[in-house]
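Fold and geometry: a report
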Amino acid sequence: MNKFTYIANVSLEKIEADSFETLKNKILISITDVGYSAKIKNDSEWAAIYRFQFEDVEEEEIYSIYKKEDILPDWAQIISEIQAEEIAKILSFSMGKNNIIVHCSAGVSRSGAITEAGLLLGFKLYEFSNLRTINKTVYNKIIKNFSLKNKILGKIKNIFIKH
């Protein structure tokens, strides 16, 4: 019996075409642009599907144009603190129990950031994962939630990616 839990990042196209039948106890983290939704093939085969909407933009890019107190247009909606905390909880609670598939439009930046955070926790990278160029804002906001818990235990040091 395989005692590892796996994480993979894939594109929206792959999620809409594949049900990942070889993975058991699988959870989907679905990341789409604001106002869009993914069509999930065989959604009843997933243990859970978590849907989030935010754009693939970096915080420094947005706040070079807007002030923090401004109401941002849809194209500038970065991952919120609440979304990052929820994703961190999903990853933490799934470790050792559920395999996780993460998708965004291209399966590179946003999903790559979440996959990297999962690898930090101890998930193993599943073989069909896309190459990743991670969104630093997404990654840093998620791992901030890990570090609050693990700082006490002294487990995580220097894990933030500098902008």
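Here goes a summary of the coordinates provided. (Residues numbered from 1 in each chain as written. Predicted model: local features only at pLDDT ≥ 70, side-chain atom pairs only at ≥ 80, totals over all residues. Heavy atoms only, no water.)

Attention now moves to the overall build of the protein chain. Within the protein chain, the secondary structure is distributed over 5 helices and 5 strands. In sequence order, the protein chain lays out its α and β elements as β-α-β-β-α-α-β-α-β-α. When burial is assessed residue by residue, the protein chain has 45% of its 163 residues classed as buried. Counted over contacts in the protein chain with a minimum sequence separation of 6, partners at least 24 positions apart contribute 65%. Per element, the accessible surface of the protein chain, about 9,100 Å² overall, is 52% carbon and sulfur. (Helix = DSSP H or I, 4+ residues; strand = E, 2+ residues; numbered from the N terminus. Buried < 20%, exposed > 50% of the residue type's maximum accessible area, 1.4 Å probe, protein only. Contact = heavy atoms within 4.5 Å. Areas by Shrake-Rupley, 256 points an atom, 1.4 Å probe, with all protein chains shown as cover.)

Our focus in this paragraph is the nonpolar core. Ile29, Ile31, Ile87, Leu91, Ile100, Ile114 and Ile142 are the most contacted members of the largest nonpolar core, which totals 25 residues. With residues near it in sequence (within four places) discarded, Ile31 still touches Phe52, Phe54, Ile87, His103, Cys104, Ser105, Arg110 and Ile114. Core analysis: the second largest hydrophobic core is formed by 12 residues, Val10, Leu28, Ala38 and Ile40 among them. (Core = buried A, V, L, I, M, F, W, Y, C linked by side-chain atoms within 4.5 Å.)

In this structure, Asn9 sits in strand 1 (residues 6-11). From its side chain, Asn9 meets the backbone oxygen of Gly107 in a polar contact 2.8 Å long. Ignoring any residue separated from it by four or fewer positions in sequence, one finds Asn9 in contact with Val102, Gly107, Val108, Ser111, Gly112, Thr115, Phe128, Ser129, Asn130, Leu131 and Arg132. (Polar contact = N/O pair within 3.5 Å; in protein donor to acceptor, adjacent residues only side chain to side chain.)

Limitation: the analysis is restricted to geometry and does not speak to function.
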